[in-house]
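# Coordinates in review
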Amino acid sequence: MMLLRLGILVAGLLLIGAIYFFGRPRKPGQGRRMPRETRAEAADEPTLAEQLEREIGAEPAIAQPELDLAPRERPAPPHSELGRRVSEEFDKIVTVYLAARAGRKLHGPDIVVAAEKAGLVYGHMGVFHRLIENHPERGPIFSVANIMKPGSFDMANIQALETPALAFFLTLPAPISALDAWETMLPTAQRMAELLDGVVLDDQRNALGRQRIAHIRDEMRAYDRQREAPPLTRPTRW
């Protein structure tokens, strides 16, 4: 149990750390390929990083009422429940990033258009989600956040939004199998990278190559097999 909790904590900290990695200012001589950004702190609402920290904690508070909205609808209001997770339990986070090319930025209006073309909807926590068609009440297959604090997309100021990268993340168990969730998230990230002229990076912020993709597929298959395996039972004592 301790190893499982440690693994979940490490995965979450990697995602949270990436938000700070991409979002912090560039220092002289560092040679960062991401440009310096202007960041605004959220005054009233908790940041996405803080929400993720709570979800990674011992008692994540995630719930979702039933919804009757179809995928690819118009953007939802900031406090929409669309895309909220159904179950409070999860044990793994899988993350990839869509980064702008060196010296460039991703712009808010372009992100919204690319997200819509890729089949994402705007909803819970002010981020984008991929839902199961005709079954949004089952929760998100994966979600897409702004790598800059607070992590959300403010639609009221979307014209001015600029960011060096987006974070694609799925929490397992998902409403579909882990492998199917990965096979849904990967091409979506690749499609949006094509539309935004960006590059897809792995959770270590390296170019996502074939070997890494194959490794993640193997991890997802192993995860699915583990969840399908019957629980071990103790032998009966006579």
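Use the structure listed above.
Report on the accompanying structure. (Residues numbered from 1 in each chain as written. Predicted model: local features only at pLDDT ≥ 70, side-chain atom pairs only at ≥ 80, totals over all residues. Heavy atoms only, no water.)

Okay, the sheet that holds strand E4 (residues 128-131) next. A sheet is described by the order of its strands in space; here six strands give the open sequence E3-E4-E5-E7-E1-E8, paired in antiparallel fashion. Because the sheet does not close on itself, it has two edges, and the strands there are strand E3 (121-122) and strand E8 (198-201). Direction of pairing for strand E1 (residues 92-100) relative to strand E7 (residues 165-172): antiparallel, over a ladder of eight bridges. Its bridge partner lying in E7, Val96 is registered against Phe168. Sheet strands touched by helix H4 (residues 178-196): E1, E4, strand E5 (140-146), E7 and E8. Its angle to E7, the strand with the most contacts, is close to 170°. (Pairing = 2+ DSSP bridges. Helix = DSSP H or I, 4+ residues; strand = E, 2+ residues; numbered from the N terminus. Contact = heavy atoms within 4.5 Å. Axes fitted to C-alpha atoms, helices over the stretch in contact; angles between N-to-C directions.)

In this structure the tally under the stated criterion is eight salt bridges. Note that Asp197 is salt-bridged to Arg101, the shortest N-O span being 3.0 Å. Taken together, the positions of Asp197 in the loop between H4 and E8 and Arg101 in the loop between E1 and strand E2 (106-107) put the pair 96 residues apart, joining distant regions of the chain. Asp197 sits in the partly exposed class, given a relative accessible area of 36%. Taking the relative accessible area as the measure of exposure, Arg101 reaches 36% and is therefore partly exposed. With a shortest N-O distance of 2.5 Å, Arg104 and Asp197 are connected by a salt bridge. Taken together, the positions of Arg104 in the loop between E1 and E2 and Asp197 in the loop between H4 and E8 put the pair 93 residues apart, joining distant regions of the chain. On the basis of relative accessible area, Arg104 is assigned to the partly exposed category, the value being 45%. The network of salt bridges with common partners includes Arg101, Arg104 and Asp197. (Salt bridge = Lys/Arg side-chain N within 4 Å of Asp/Glu carboxyl O. Buried < 20%, exposed > 50% of the residue type's maximum accessible area, 1.4 Å probe, protein only.)

Inspection of the secondary structure assignment puts Thr184 in helix H4. With a relative accessible area of 18%, Thr184 lands in the buried category. Those residues in contact with Thr184 that sit more than four places away from it in its chain are Arg130, Ile141, Phe142 and Ile176.

A word on the packing of aromatic side chains. In the structure shown here, the tally under the stated rule is three aromatic pairs. Centre to centre, the rings of Phe128 and Phe153 are 5.0 Å apart; their planes meet at 55°, and the pair counts as tilted. Taken together, the residues Phe128 in strand E4 and Phe153 in the loop between E5 and strand E6 (162-163) connect sequence positions 25 residues apart. A residue is classified by how much of its surface remains accessible, and Phe128, at 4% relative accessible area, is buried. Residue Phe153 is classed as buried on the basis of its relative accessible area of 1%. Cluster of aromatic residues (ring-pair linked, three or more members): Tyr122, Phe128 and Phe153. (Phe/Tyr/Trp six-rings, centres within 6.5 Å; stacked < 30°, edge-to-face > 60°.)

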